[in-house]
Amino acid sequence: MSLAPTLKSPQLNDGESASEGMWIEEQFWGHRLYDGQSPWLTFLEFIGVAHSAQEAGQLFDFEQSQYLSTYSALSRLHLRNILFLDEQRIVHTAKTYGDSDTAWSHWLEWIERNAKGLDPAKRKFGYLRTRFDSFHDFAALIRALRSCVVEGDTNKRWSSRFIFPFGPAALFEDLAIKDESFSREYINFGRSGELLYLMLARSSLRTELTELLPRVLVAQNKWNHLVQRLQPDTTSPVSPRSGAFLPYDAHPVFEILAADWLALLRLRLPGFDVVPHLVTSGAFGLLLYQLHTSAHLLGMPMVRPIICEVVAPKKGLVRELSTECFEENSVLSFDAMNCVIERVTLDPRWEQGAGPVEKLSNRRAVIADMFRWSDKNPSVSDPDELLRMFRSAARTRHQRHFGQVHRTFGRGVGLVSRRGTNRFRYAPTDHFLKFLVLATVDKRVEFGEFLEKLYRRYGLIFGEREAHAAKPGEAIDKKPFQQNALRLEQRLSSLGLLKRLSDACAYVENPYAE
């Protein structure tokens, strides 16, 4: 498919500046893919956007996904103060006071004096007393919910902590909370989840997704009811949010991602068991989107080879090729950005000018028009030096966040590892392998067909045939890839996802398929 940005970059309002002084990655990959956002936090941001759209009757509505796409974000300040403001206070109070009334009195006095983000008139938590038989029942629920914290080891600040998305009552945005006020924070919700939502809303399978995703957002479950019990009857403050920009109305990765989600949502997985696989699929889809788009900008085939080592006891050829493959794919976005930057020299104005001063002025105007960048060094007098400065600034910015997406998301989903080495490579974990089976296998498929499908769909390479297909004309040593495929077969068998019926016949099985 021919791929070119179908949506123009949004115009900036008066007084508004481009992200970090330029608009390059955002223009061709979207605003914004952010390496500081883990797969789980990306999913939490996504599910908040999806819930807002569902409440408005616009879930995965294509027209509503166009720029400017808006949604309503929830703060849930009472819930957050209860769960995270002082994690030891409730437990300590329950242990100190055996009498429930005394425990309630002491804790309510403390929370209504110390709650953050609420003005004093709204620091009312007395409703909790009528919803629990005792303070100790309340404390038991708090302990249970705190055991379900998402990314609990990394989110140290209490206002940026989140619980498992049990339902609508458990969804809230990332905030910076002060004594009596709060504001949006981008530490954990950097818009990658918004991009994920837009990608699914622009896929051809959005109608089917609209029917199935509400199973994940269902409010009628006991955990959602318990979380709702911790909150007042008054509506949580709602903030309108917007600003995510995805430059394509259609993209091959949108279809891959949507097909994976449909397959996962149709499985007979119990309870919330599908959520971790949606988390993996979402972040993997964003990784593929960045990789395939970068390849397209460089004039390469969009499906890039991803050589995967099923970890072997000793270093071998597959490990070396996997490491090289990872390093090549990791710099692809950087190479694509450089290719995009070179387009400034094709502008008719680039070489115009009677002298250095006029030429410099023209080049500043070209760069500003194309990438919203203006140099902050007025002493520059050489027109060629201006382009070098711009490349340097773009490189520094790219390496800080966007250039780390491939590695960060790859590690987060379990595709990238440096286990047993000091260099990163593609070495899938059991969880990632299970996701691949659940997303691609309809009941049962022959092992060789499974490997071929992984290659055609994602570019993943485990066996010799796929290695030859990815590098036609090159001499590929068969034996290391045959051994690699055998180790994969053994791993899938140990996970209960493969059965060998005879020496020549092994089948990958999806135990949860309809």
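Basis of the calculations
In this numbering scheme, every chain counts its residues from 1 along its sequence in written order. Where totals are concerned, whole chains, interfaces and linings use all residues; where local detail is concerned, this predicted model gives features only for residues with pLDDT of at least 70, and gives and counts side-chain atom pairs only at 80 or more. Only hydrogens and water are set aside; all other atoms, that is, all heavy atoms of the structure, feed into the side-chain values. Helix and strand labels come from DSSP, where a helix needs a run of H or I of at least four residues and a strand needs a run of E of at least two; each type is numbered from the N terminus. The globule rule used here is 2.2 Å times the number of residues to the 0.38 power, and the radius of gyration it is set against is calculated over C-alpha atoms. When checking whether two residues touch, look at their non-hydrogen atoms; a contact exists if any pair is within 4.5 Å. Only the protein chains shown count as covering a residue, and every accessible area follows the Shrake-Rupley method with a 1.4 Å probe. When charges are counted, Lys and Arg contribute as positive and Asp and Glu as negative, whereas His and the chain ends are disregarded. The atom standing in for a charge is NZ when the residue is Lys, CZ when it is Arg, CG when it is Asp and CD when it is Glu. At least two bridges found by DSSP between two strands is the condition for calling them paired. The axes used here are C-alpha line fits, helices contributing only the stretch in contact, and every angle between their N-to-C directions lies in the interval 0 to 180 degrees. Residues enter a nonpolar core if they are buried and are Ala, Val, Leu, Ile, Met, Phe, Trp, Tyr or Cys, with the set joined through side-chain atoms within 4.5 Å. Accessibility here uses a 1.4 Å probe with only protein chains present; expressed as a share of the type maximum, an area under 20% marks a residue as buried, one over 50% as exposed, and anything in between as partly exposed.

Novice: I'd like a rundown of the overall build of the protein chain, residues and numbers included.
Specialist: If you tally the helices and strands in the protein chain, you get 20 helices and 13 strands. For 514 residues, the compact-globule estimate of 2.2 N^0.38 gives 24 Å, and the protein chain sits close to it at 26 Å. Along the longest, intermediate and shortest principal axes, the C-alpha atoms of the protein chain span 80 × 75 × 45 Å. Considering only contacts within the protein chain whose residues lie at least 6 apart along the sequence, 72% involve residues at least 24 apart. Accessible surface, the protein chain: about 22,700 Å² in total, of which carbon and sulfur atoms supply 49%. Taken as two groups, the 65 positive and 62 negative side-chain charges of the protein chain have centres that lie 4 Å from each other.

Novice: Outline the sheet that holds strand S12 (residues 498–502), listing residues and values.
Specialist: The strand order across the open sheet built from three strands is S10-S13-S12, with neighbouring strands paired in antiparallel fashion. Pairing within the sheet leaves two strands with one partner each, and these edge strands are strand S10 (444–446) and S12. Averaged over all pairs of adjacent strands, the angle between strand axes in this sheet comes to 30°, irrespective of strand direction. Relative to strand S13 (residues 505–509), S12 is paired through four bridges, and the arrangement is antiparallel. If you follow Leu498 over to S13, its bridge partner there is Val508. Contacts between helix H18 (residues 447–458) and the sheet are confined to S10, S12 and S13, with S10 contributing the most and set at about 95° to the helix.

Novice: Give me the nonpolar core: which residues, what numbers.
Specialist: By size, the foremost hydrophobic cluster in this structure holds 160 residues, and its most contacted members are Phe46, Trp107 and Phe138. Ranked by residues supplied to this core, first place goes to helix H11 (residues 274–297) with 13 residues.

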